[in-house]
Amino acid sequence: MDVGINKKNLLDISYERLCQCKPSNINCLTAKEWLRNQLGVWQFTYEKRDIRDKSTHPATFPISLAKKVIELFTHMGELVVDPFVGSGTTLVAAMDANRNAVGFDLQSSYIELCKTRLTNGHLHNMSKQTPIQDDAKNIHEYFKEETVSLIWTSPPYANLLNRQRKNKSRRDRKNEQLDKVEQYSQDERDLGIMSIDDYTIAMGDIFESMLPLLKPKAHCVINVPDMWWENERITIHISLVQELRRRGYELRNIIIWDRTNIVNKIGIFGWPSNYITMGVTFEYLLDFWRPPK
Ligand SMILES: C[S@@+](CC[C@H](N)C(=O)[O-])C[C@H]1O[C@@H](n2cnc3c(N)ncnc32)[C@H](O)[C@@H]1O
């Protein structure tokens, strides 16, 4: 096992369990809680602490989703890494669940936002949550091998957001979002400005470099939708499944995040000649693991 030699940014953060669960258990859930988690379609609602204002951050997931994934794949005290942490939702959920967590983002403004959210919600428990401004491709410099119990993230969706919004699926088309580009940045390292092919390779490089950090059989869960581009479906989830398999990950589950309960003001489009289901009504949760040795 690598002991952290030659890792110039190595972090001092705990990753050992604080619970008394059996070593082979993958989480601290009771049988009843486990049973509820066996459903392959999940729904969530947003709470007050969630960030839904697109000008603060254009693409956040709910704290309840992050908490469910964290509680399903880790024990108390273990270490979670989010390579694209954005507004810090994963860190807030990790704090609630008493897990250590480190989140990375290119944008200093988002890292500041993470810090504010963590300070506002400060809980007194044993765990530590740390936001870091850096490119996800450098993450392997921060952790020893086989110390991370979960990689959980919602990455940019290739260049899905890097265009003026047309609001085609909205009933109130002329709202304040019309014609705005809600992309995180135009930084050349930002995965949100890349074509699907460049994006897939960049994601493969990042996740391959993080694979040795995971404990054997530790999970890596990635939240992505597909997208439409010039009337063609771009299957981001298929590109990622193929690429991560090539890079040594094994796909375990595909879970559907059913968003129909939080979508409102839907406008009609395509009728009567072109049938297109609304991309915003569901997203994929791609669950991989580092294969056992
Ligand atoms: C979909 S958002 C994550 C949102 C997050 N789940 C939340 O709830 O706030 C993706 C994030 O990836 C960041 N990003 C893009 N390219 C990156 C890179 N190369 N390294 C690190 N972060 C990057 C963007 O700045 C953006 O905040």
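Residues numbered from 1 in each chain as written. Predicted model: local features only at pLDDT ≥ 70, side-chain atom pairs only at ≥ 80, totals over all residues.

Trainee: Explain the environment of Asn261 to me, please; I cannot follow it from the model alone.
Mentor: Tracing the backbone through its elements, the reader meets Asn261 in the loop between β9 (250-258) and β10 (282-289). Asn261 sits 217 residues away from Phe44 along the chain, and the two C-alpha atoms are 7.9 Å apart. Aside from chain neighbours lying at most four places away, what touches Asn261 is Gln43 and Thr45. (Helix = DSSP H or I, 4+ residues; strand = E, 2+ residues; numbered from the N terminus. Contact = placed C-beta atoms within 7 Å.)

Trainee: How do you make sense of the site of the ligand when you look at a structure like this?
Mentor: Neighbouring the ligand are 23 residues, the closest being Thr60, Phe84, Gly86, Ser87 and Thr89. Of the residues that constitute the shell around the ligand, the class distribution is eleven nonpolar, eight polar and four charged. (Near = placed C-beta within 6 Å. Nonpolar A, V, L, I, M, F, W, Y, C, P; charged D, E, K, R; others polar.)

Trainee: What is the right way to look at the sheet that holds β9 in this model?
Mentor: Hydrogen bonds between backbone atoms are what pair the strands of a sheet, whose relative direction is either parallel or antiparallel. Taken in spatial order, the eight strands line up as β1-β9-β10-β6-β5-β2-β3-β4 in an open sheet, and their pairing is mixed. Edge strands, defined here as strands with exactly one partner in the open sheet, are β1 (41-42) and β4 (129-133). Where β1 lies against β9, two bridges are found, and the strand directions are parallel. Paired with Trp42 across the two strands is Trp257, which belongs to β9. On top of the sheet, helix α2 (residues 63-73) reaches β1, β2 (79-82), β5 (148-153), β6 (214-224) and β9; it is set at about 155 degrees to β5, its chief contact. Contacting β2, β3 (100-105), β4 and β5, helix α3 (residues 89-97) runs over the sheet at an angle of about 175 degrees to β3. (Pairing = 2+ DSSP bridges. Axes fitted to C-alpha atoms, helices over the stretch in contact; angles between N-to-C directions.)

Trainee: Could you clarify how one ought to interpret the nonpolar core in this entry?
Mentor: Membership of the largest hydrophobic core comes to 63 residues, with the highest contact counts inside it found for Ile70 and Val148. Each residue touching Ile70, except ones within four places of it in the same chain, is listed here: Val80, Ala93, Ala94, Ala97, Arg99, Leu150 and Trp152. (Core = buried A, V, L, I, M, F, W, Y, C linked by C-beta atoms within 7 Å. Buried ≥ 20, exposed ≤ 12 C-beta atoms within 10 Å, placed from the backbone.)

Trainee: In this structure, what is going on with the packing of α3 against helix α4 (residues 108-120)? I would like to understand it.
Mentor: To characterise two packed helices, one gives the angle between the axes of the helices and the distance between these axes. The N-to-C vectors of α3 and α4 enclose an angle of 25 degrees; their axes lie 9 Å apart at closest approach. In terms of orientation, α3 and α4 fall into the roughly parallel class. Of the two elements, α3 crosses α4, and the hand of that crossing is right-handed. Facing Leu91, Val92 and Met95 of α3, the residues of α4 in contact are Cys114, Arg117 and Leu118. (Parallel < 35°, antiparallel > 145°, perpendicular 65-115°, else oblique. Left-handed = near helix turned anticlockwise from the far one by under 90°.)

Trainee: So what exactly am I meant to see when it comes to α4 here?
Mentor: A rise of 1.5 Å per residue sets the reference length of α4, with its 13 residues, at 18 Å; its end C-alpha atoms lie 18 Å apart and thus fit the reference within 8%. Against the buried residues of α4 lie α3, β3 and β4. (Expected span 1.5 Å × (residues − 1).)

Trainee: Even after reading the chapter, I still don't get the environment of Glu141, so can you show me in this structure?
Mentor: Structurally, the position occupied by Glu141 is in the loop between β4 and β5. Owing to 15 C-beta atoms within 10 Å, Glu141 belongs among the partly exposed residues under this scheme. Separated by 68 residues in the primary sequence, Glu141 and Ser209 have C-alpha atoms spaced 9.5 Å apart. Each residue touching Glu141, except ones within four places of it in the same chain, is listed here: Lys7, Lys8 and Asn9.

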